[in-house]
Amino acid sequence: MEEEARKLLEEGIVKKLISPGKGELSTFPNGTKVVFHYRTSLCDGTVLDDSRTMGGRSKPMELILGKKFKLAAWERVVITMRQGEVAEFNCENKHTSLYPLVSQSLRNISAGKDPLEGQRHCCGIAQIHSHHSLGHNDLDNLQANPQPLLFTIDLLEVLAPGSFQLDVWAMTDEEKFELVPQIHEEGNTLFKQGKITEATEKYYNGIACLKNLQMKEHPGDEVWVKLDHMITPLLLNFCQCKLLQGQYYEVIEHCSALVFKYEDNLKAYYKRAKAHAAVWNEVEARVDFNKVLELDPSLGPSVAKELKAMEDRIRNKEKEEKGRYKGLFNYTEPPATATTG
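As the structure is a computational prediction, the values presented were derived from the model and not from experiment.

Draft legend 1. Examining the overall build of the protein chain more closely. In terms of regular secondary structure, the protein chain is built from 13 helices and six strands. Counting all 341 residues of the protein chain, 38% fall into the buried class. Summarising the internal contacts of the protein chain: among those between residues at least 6 apart in sequence, 69% fall at separations of at least 24. Element-wise, carbon and sulfur atoms account for 54% of the exposed surface of the protein chain, whose accessible area totals about 19900 Å².

Draft legend 2. Inspection of the state of the cysteines at higher detail. Taken as a whole and judged by the stated rule, the model has zero disulfides. The thiol sulfur of C239 is not disulfide-bonded, and the nearest other cysteine sulfur, from C255, lies at 4.0 Å. Note on C239: relative accessible area 0%, which makes it buried.

Draft legend 3. Broad picture of the confidence of the model for the protein chain. Looking at the protein chain, pLDDT values average 88 and 87% of them are 70 or higher. Confidence drops under pLDDT 50 across residues 119–130; counting only partners more than four residues distant or on other chains, this segment forms 21 contacts.

Draft legend 4. Inspection of the packing of aromatic side chains at higher detail. Tallied over the entire structure, the rule returns eight aromatic pairs. Ring pairs connect the aromatic residues F36, Y38, F69, W74, Y99 and F151, which therefore count as one cluster. Between the NZ or CZ atom of K317 and the centre of the ring of W280, over which it lies, the distance is 4.3 Å.

Draft legend 5. Structural context of the pattern of salt bridges. For the structure shown, the criterion picks out 20 salt bridges. Across the pair R6 and E10 runs a salt bridge whose closest N-O atoms are separated by 2.3 Å. Highlighted residues: R6 and E10, both in helix 1 (residues 2–10), separated by four residues, approximately one helical turn. A relative accessible area of 57% places E10 in the exposed class. For R52, the salt bridge goes to D154, with nearest N and O atoms at 2.5 Å. With R52 in the loop between strand 3 (47–50) and strand 4 (61–64) and D154 in strand 6 (residues 149–159), this residue pair connects regions lying 102 residues apart in the sequence. Overlapping salt bridges, with partners in common, bring together E3, R6 and E10 in one network.

Draft legend 6. Up close: unusual backbone geometry. Notably, K68 is not glycine yet its phi reads approximately 60 degrees, a positive angle. Mapped onto the elements, K68 comes out in the loop between strand 4 and helix 2 (72–78). Here the phi dihedral of W280 falls at roughly 70 degrees; this positive angle occurs in a residue that is not glycine.

Draft legend 7. Inspection of helix 10 (residues 248–261) at higher detail. Spanning 14 residues, helix 10 covers 20 Å between terminal C-alpha atoms, matching the ideal 20 Å at 1.5 Å per step. All buried positions along helix 10 are accounted for by V251, I252, C255, L258 and V259. Projection of helix 10 onto a plane perpendicular to its axis shows the buried side chains occupying an angular sector of 130 degrees, all on one side. Of the exposed residues in helix 10, the ones pointing more than 90 degrees away from its buried face are Y249, E253 and F260. Where helix 10 is buried, its residues contact helix 9 (222–244) and helix 11 (266–278).

Draft legend 8. Quick peek at the packing of helix 4 (residues 99–110) against helix 6 (residues 137–144). Viewed as axis vectors pointing N to C, helix 4 and helix 6 meet at an angle of 160 degrees, and their least axial separation amounts to 9 Å. Our classification of the angle between helix 4 and helix 6 gives roughly antiparallel. Seen from above, helix 4 lies across helix 6 with left-handed handedness. Only D138, L139, L142 and Q143 of helix 6 make contact with helix 4, whose side of the interface consists of Y99, P100, L101, S103, Q104 and R107. When grouped by side-chain class, the residues that make up the contact of helix 4 with helix 6 number five nonpolar, three polar and two charged.

Draft legend 9. Spotlight on the environment of E4. Structurally, the position occupied by E4 is in helix 1. Judged by its relative accessible area of 24%, E4 is partly exposed. Placed 76 residues apart in sequence, E4 and T80 show a C-alpha to C-alpha distance of 7.0 Å. Apart from residues lying up to four places away in sequence, E4 is in contact with R76 and T80. A polar side-chain atom of E4 sits 3.1 Å from a polar atom in the side chain of R76.

Cut-offs and rules
Residues numbered from 1 in each chain as written. Predicted model: local features only at pLDDT ≥ 70, side-chain atom pairs only at ≥ 80, totals over all residues. Heavy atoms only, no water. Helix = DSSP H or I, 4+ residues; strand = E, 2+ residues; numbered from the N terminus. Buried < 20%, exposed > 50% of the residue type's maximum accessible area, 1.4 Å probe, protein only. Contact = heavy atoms within 4.5 Å. Areas by Shrake-Rupley, 256 points an atom, 1.4 Å probe, with all protein chains shown as cover. Disulfide = S-S within 2.5 Å. pLDDT = per-residue confidence, 0-100. Phe/Tyr/Trp six-rings, centres within 6.5 Å; stacked < 30°, edge-to-face > 60°. Lys NZ or Arg CZ within 6 Å of the ring centre and 35° of its normal. Salt bridge = Lys/Arg side-chain N within 4 Å of Asp/Glu carboxyl O. Expected span 1.5 Å × (residues − 1). Arc of directions from axis to C-beta. Axes fitted to C-alpha atoms, helices over the stretch in contact; angles between N-to-C directions. Parallel < 35°, antiparallel > 145°, perpendicular 65-115°, else oblique. Left-handed = near helix turned anticlockwise from the far one by under 90°. Nonpolar A, V, L, I, M, F, W, Y, C, P; charged D, E, K, R; others polar. Polar contact = N/O pair within 3.5 Å; in protein donor to acceptor, adjacent residues only side chain to side chain.

Following this line, the structure appears as structure tokens:
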């Protein structure tokens, strides 16, 4: 233990044991999965990130060792820990320069956003030396003024290679590409079973896999277009789930993006029309339903049914509003009261 601490110190990392772990120290071969909670602080005690509270939920960090994670210091320190151990690591600037980018990605994930949002087509080193904002004042300040950081690590679990299923983010490009059809089929099965929330997550993961691959290609190139054609049916299925969940504006946003690229995408127009109808956008809904009929006249009966349902809802809404305001503006003279002189 003392030898390991000395090696860390020579590398510019000071370890402080808070709570000892149990069992023997793992050999941590490449492919080992480590699961841990972390808290990142400035040396003055200011907390930047805490995995127990980030995004309003307690979600631990998961790393696959040997996958060249952007923040190498985390891989370096966890291999000095036993499962169940809690320790604090004071790391010099040379180990923390990329933390602002890592933190931005982790915050994006906790908010349900693309983890690479704001980092496309720009390497980490290039961003560190640019004036590009990360969207968070504390990370912008840290990027402009690199400094030592304190990482408090609570090592929850150590899983040997082959004892777990790889998460999507830890897969190679080839593994991601091969996984998408399986994810798509699993989503379809869940949807047929009425498990809409679970199906939505499957479709989302499939889209995320392909988007991650697509970002490495030039827009419009053959591979980029092929990936986009794979994304489209997944996105349409995702939108169908969102329709059932009442997330109408999200459906409108995604379908608008699709018809902007593919003007003859019948399903995108149909789903957008239904979403517009649901949020009382009567004019927009009629325009989209007309486009559906233009693309496929055989859908006339289905469109007529949707239009009738929309018109009935509008009439009922007007009746409710009329009843709610009935008599509101009818002024009645109050009866005169007798007076005595």
